[in-house]
Amino acid sequence: MNQSNYETATVMAVHRERYELLAGNEKLYGRLKTANFYHANEIIAFPTVGDEVEITYNENGDSLITEVRPRKSVFMRLNATQGQSDLAVAANFDFVFITMSLNRDFHISKLERYLTVAWQSGATPVIVLTKVDLCEDVSEYLQQISRVAPGIDVFCISSVTGEGIAEMARFFEKGKTIVLLGSSGVGKSSLVNTLMGRNEMLTGDIREADAQGRHTTTYKQCMFLPEKITLPDGTVLSGGGRIIDTPGIRRLVVSDVEQGLQISFEEIEELISRCRFSDCSHGNEPGCAIRAALENGTLSPKRWKTYRDMLREEVFSKERKQIMMKKIGRARRDMSRKR
Ligand SMILES: Nc1nc2c(ncn2[C@@H]2O[C@H](COP(=O)(O)OP(=O)(O)O)[C@@H](O)[C@H]2O)c(=O)[nH]1
Ligand SMILES: [Mg+2]
Ligand SMILES: [Zn+2]
């Protein structure tokens, strides 16, 4: 046995069906066992970027990924394929940078959704408002945010000028991982490139599909930040840690966000607990605290709608999961019978 006979590795990037792994200081490639299931925290899961995996090392080719280690945090999204398990988008991060640009992309209901998934992931949300160089007045945005995200750090930054990035320095720390969450075009990859000091990710109108085969086309990628981060204006920050860039998630689908909803819509759940009937549908029942709050203006109809939409998606996703677990259970029993 030589010293590079690794048993565990970190998933640094996910290509179509091949995984870029880091084991010790060595870069390896890994593949999945075919027709098999991977377990992480009881959820049936395929490996994703940031995952710690167990491998069967192969010095002559791709290693075999045999198991996904339990995750300390994860983003999941629903799998559109019927009967397939939810897909992990990123794993094992400490901070979620919820990125929205200070122009077209700014929607408070989107932020509410992001906050819910961020809390649910197990990591700490941080709000990063990008393209501050294009925005004349941020105060209106900040005011809106303080209403839905009290106590959460908010930064206004520009990846072009470097403005505001120094204030975030405490998140760039050895042993800590940041994941970027936000719509396509808000400037996630630009932020990565500014922090890395080189063009690591593709940005802007160079679509991922246009650049197949090039190094930068990686779908999801985890990078080590430099120990010294040099901003465009020459400021040097102490860096370190890792950052995960994901492609823009077009429509964030909610699954398993019960706890996240409890945290990010705390005041709504508090109101609901004050409705006279415990099974209040918040329609015409007497003593409904939600209706009272909507009528006196302390609860905005939009926020109430976002909450209800997310709750509905949550119920839907739970039902789907139950069906899937039954299917998998059946498949397992069939398999063991055949043996
Ligand atoms: N003016 C300005 N443009 C930015 C900034 N960050 C990103 N952009 C531009 O916004 C577009 C989308 O950026 P990109 O990083 O690809 O967004 P992503 O899809 O979230 O990764 C590109 O054309 C960038 O040049 C910024 O801070 N200021
Ligand atoms: Mg990008
Ligand atoms: Zn009610």
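These figures come from a predicted structure and were not determined experimentally.

(A) Structural context of the overall build of the protein chain. Helix and strand counts for the protein chain come out as seven helices and 17 strands. Taking as baseline every contact in the protein chain between residues at least 6 positions apart, the subset at least 24 positions apart corresponds to 63%. Accessible surface for the protein chain amounts to roughly 18100 Å². Of this, 48% is attributable to carbon and sulfur atoms.

(B) A look at the site of ligand 1. In the vicinity of ligand 1, 16 residues are found, and the nearest of them are Asp133, Ser159, Gly185, Ser190 and Gly204. In this structure, Gly185 approaches ligand 1 through a main-chain N or O atom, which is 2.7 Å from an oxygen atom. Between Lys188 and ligand 1, the recorded distance is 2.8 Å, taken from a side-chain N or O atom to an oxygen atom. Protein contacts shield 77% of the accessible area of ligand 1, which totals 580 Å² for the unbound molecule. Among the residues forming the shell around ligand 1, the class breakdown is three nonpolar, ten polar and three charged.

(C) Structural context of the coordination of the zinc ion (ligand 3). With distances of 2.1 to 2.4 Å, the protein atoms coordinating the zinc ion (ligand 3) are Cys275 (SG), Cys280 (SG), His282 (ND1) and Cys288 (SG). Metal-centred angles of 104 to 117° between the four donor atoms at the zinc ion (ligand 3) mark the site as tetrahedral. Counting along the primary sequence, the residues that act as donors to the zinc ion (ligand 3) give the motif C-x4-C-x1-H-x5-C. In terms of burial, Cys280 and His282 fall into one category: buried.

(D) Region of the structure containing the nonpolar core. Core analysis: the largest hydrophobic core is formed by 60 residues, its most contacted members being Leu21, Val96 and Leu111. Setting aside its immediate chain neighbours within four residues, Leu111 contacts Ile98, Met100, Ile127, Ile145 and Val148. Counting 23 residues, the second largest nonpolar core, distinct from the first, contains Phe97, Phe155, Met168 and Phe172.

(E) Up close: the side chain of Lys188. Residue placement: Lys188 occurs in helix 3 (residues 188-196). A polar contact is formed between the side chain of Lys188 and the backbone oxygen of Gly182, at a distance of 3.0 Å. A polar contact is formed between the side chain of Lys188 and the backbone oxygen of Ser183, at a distance of 2.8 Å.

(F) Structural view of the environment of Met310. Mapped onto the secondary structure, Met310 falls in helix 7 (residues 301-338). Residue classification places Met310 among the buried positions, given a relative accessible area of 0%. Along the sequence, Met310 and Thr116 sit 194 residues apart, while their C-alpha atoms lie 9.1 Å from each other.

(G) The environment of Glu314, seen in detail. Within the secondary structure, Glu314 is located in helix 7. Expressed as a C-alpha distance, the spacing of Glu314 and Glu258, which sit 56 residues apart in the sequence, is 7.5 Å.

Rules and cut-offs
Residues numbered from 1 in each chain as written. Chains lettered and ligands numbered in written order. Predicted model: local features only at pLDDT ≥ 70, side-chain atom pairs only at ≥ 80, totals over all residues. Heavy atoms only, no water. Helix = DSSP H or I, 4+ residues; strand = E, 2+ residues; numbered from the N terminus. Contact = heavy atoms within 4.5 Å. Areas by Shrake-Rupley, 256 points an atom, 1.4 Å probe, with all protein chains shown as cover. Near = heavy atom within 4 Å. Polar contact = N/O pair within 3.5 Å; in protein donor to acceptor, adjacent residues only side chain to side chain. Nonpolar A, V, L, I, M, F, W, Y, C, P; charged D, E, K, R; others polar. Donors = N, O, S within 2.8 Å, 3.2 Å for Na, K, Ca; no water. Tetrahedral: all angles 85-135°; square planar, octahedral: opposite > 155°, others 65-115°. Buried < 20%, exposed > 50% of the residue type's maximum accessible area, 1.4 Å probe, protein only. Core = buried A, V, L, I, M, F, W, Y, C linked by side-chain atoms within 4.5 Å.

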